[in-house]
Amino acid sequence: MPPLSKQRKFEVLTATFAIVEECGPTPLTEIARRLGVDVGALRELIDPLLFLEYRTSTDIVDLTRAFLLDERGVLRVDEGHWLRNLRSVPPSDDDALRLFLAAQVVSDEITPSAELASARAKLAAHLGAEVLLEAPVPPEARIVTEAIGTGRSIRCRYLGFEDDVARDRELLAQLVYHRWGRWYVAAVDADAQDRTGEEPARVKHFRLDRMSDVRLGDRRYEPREDVRVPDWFGIDRPSWTLTVRVPAGVLDHLGLPHVRRQVRDLGDGRVEAELVVVGERMRDQLLVALGPDAEIIGPEEMRERRRTWARELAERMC
């Protein structure tokens, strides 16, 4: 049997403990049969949960009796196990943060289920803050750092937010930094500088994950010393604030840049939120990306614009 993907491992783990919750003590062989996995692989997956303990700031929390596998290979859930207790009693701040970080890591590795997205949103609300994990340094960041240190341009293909295709760029990098969960390069567009002759040249901010084929160029320049990590990007394009009602998991999977405000749980599996988006292209993409179950509360003209885009997409697909 081929190795299980991360997505499949998560599905098997959640299904395993759901079976035991619903059916009571169940032989591991029966669970493996129902889920279509090798019993040895299943045992390897659940082992970390059978011996779960962690250290808080004050003591060690022992959860090794939460999930029990007896000598006959029967898996059972202890009546007082911690996951069930968390359904009725809010977790401590330590537990909430650990669960939130675990949900964040899992969400980055697999396609999250609606239940996982909902749990993550509830934990974020309980913590009273959105926690961002530090992203690992991508290989391209090292190339950019070398370019700045040696005063050499970088060449790459860059896909802008409002571009349909990537295009070749030569950039005079000034600063590489991590902000808001992503890596950025503050740089001067060498081609734009040549066309306009602007002095001092305008520094723009490029997302590193939208670059490909990053390599050192031959153009020499003197990196500036006045470039700093911005508190926020200066935006001179129009922005729109949309009030929407969507299924709870939709907001967590939007891949478009936006600012999220006043998210309110409606209690029926949906949330109402204000979304701020910059630029007409991003606005129109957001209207489509919200999905067919979304409801646009306002502005009113955005409802008709969304219907127009839906008709156009339907015609293209026919």
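Please read these numbers as outputs of a predicted model, since none were measured by experiment.

Scoring rules and cut-offs
Residues numbered from 1 in each chain as written. Predicted model: local features only at pLDDT ≥ 70, side-chain atom pairs only at ≥ 80, totals over all residues. Heavy atoms only, no water. Helix = DSSP H or I, 4+ residues; strand = E, 2+ residues; numbered from the N terminus. Buried < 20%, exposed > 50% of the residue type's maximum accessible area, 1.4 Å probe, protein only. Contact = heavy atoms within 4.5 Å. Areas by Shrake-Rupley, 256 points an atom, 1.4 Å probe, with all protein chains shown as cover. Pairing = 2+ DSSP bridges. Axes fitted to C-alpha atoms, helices over the stretch in contact; angles between N-to-C directions. Core = buried A, V, L, I, M, F, W, Y, C linked by side-chain atoms within 4.5 Å. Phe/Tyr/Trp six-rings, centres within 6.5 Å; stacked < 30°, edge-to-face > 60°. Lys NZ or Arg CZ within 6 Å of the ring centre and 35° of its normal. Salt bridge = Lys/Arg side-chain N within 4 Å of Asp/Glu carboxyl O.

Q: Could you give an account of the overall build of the protein chain, naming the residues involved and the relevant values?
A: Looking only at helices and strands, one finds ten helices and 14 strands in the protein chain. For the protein chain, the proportion of its 318 residues judged to be buried stands at 34%. Put simply, 58% of the contacts in the protein chain that link residues at least 6 apart link residues at least 24 apart. Element-wise, carbon and sulfur atoms account for 51% of the exposed surface of the protein chain, whose accessible area totals about 19,200 Å².

Q: Please provide a residue-by-residue account of the sheet that holds strand 12 (residues 259–265), values included.
A: Taken together, the four strands give an open sheet; going across it, the order is 12-13-11-14, and neighbouring strands pair in antiparallel fashion. The open sheet has two edge strands, strand 12 and strand 14 (295–298), and neither has a second partner. Neighbour-to-neighbour, the strand axes of this sheet turn through a mean angle of 25°, independent of strand direction. Examined bridge by bridge, strand 11 (residues 239–247) and strand 14 share three bridges and lie antiparallel to one another. Within strand 14, the position partnered with V244 by the bridge is I296.

Q: Provide a residue-level description of the nonpolar core, including the pertinent values.
A: Ranked by internal contacts, the top residues of the largest apolar core, which has 22 residues, are V144, L171, V185, L208 and M211. At the level of elements, helix 7 (139–150), strand 6 (152–158), strand 7 (167–179), strand 8 (182–189) and strand 10 (211–220) are the ones that each hand at least two residues to this core. Counting 18 residues, the second largest nonpolar core, distinct from the first, contains L242, V246, L287 and L290.

Q: So what's going on with the packing of aromatic side chains? Residues and values would help.
A: As enumerated under the stated definition, the model contains two aromatic pairs in all. Seen in terms of ring centroids, Y158 and F206 are 5.2 Å apart; in terms of plane orientation they differ by 85°. Their pairing is edge-to-face. You can see Y158 sitting in strand 6 and its partner F206 sitting in strand 9 (residues 203–207), a full 48 residues away along the chain. A residue is classified by how much of its surface remains accessible, and Y158, at 5% relative accessible area, is buried. Above the plane of the ring of W240 lies R283, whose end atom (NZ or CZ) is 4.4 Å from the centre.

Q: Lay out unusual backbone geometry with the relevant residues and their values.
A: The bulk of non-glycine residues show a negative phi, and the bulk of peptide bonds are trans. Omega for the bond connecting G298 with P299 falls within 30 degrees of zero, at -5°, which places this linkage in the cis form. Topologically, P299 is positioned in the loop between strand 14 and helix 10 (300–317). Despite not being glycine, D213 shows a phi value in the positive range, around 50°. Positionally, D213 belongs in strand 10.

Q: Before we move on, could you go through the pattern of salt bridges and cite the residues and values that matter?
A: With the rule as written, the count across this model stands at 15 salt bridges. Residues D284 and R283 are paired through a salt bridge, measuring 3.1 Å at the closest nitrogen-oxygen approach. Comparing D284 with R283, the two get one shared label, buried. Ionic pairing is found between R305 and D284, a salt bridge with its closest N-O pair at 2.6 Å. On the criterion of sequence distance, the pair formed by R305 in helix 10 and D284 in helix 9 (residues 280–289) is long-range, its members being 21 residues apart. Put simply, R245, R264 and E272 are held in one network by salt bridges that share partners.

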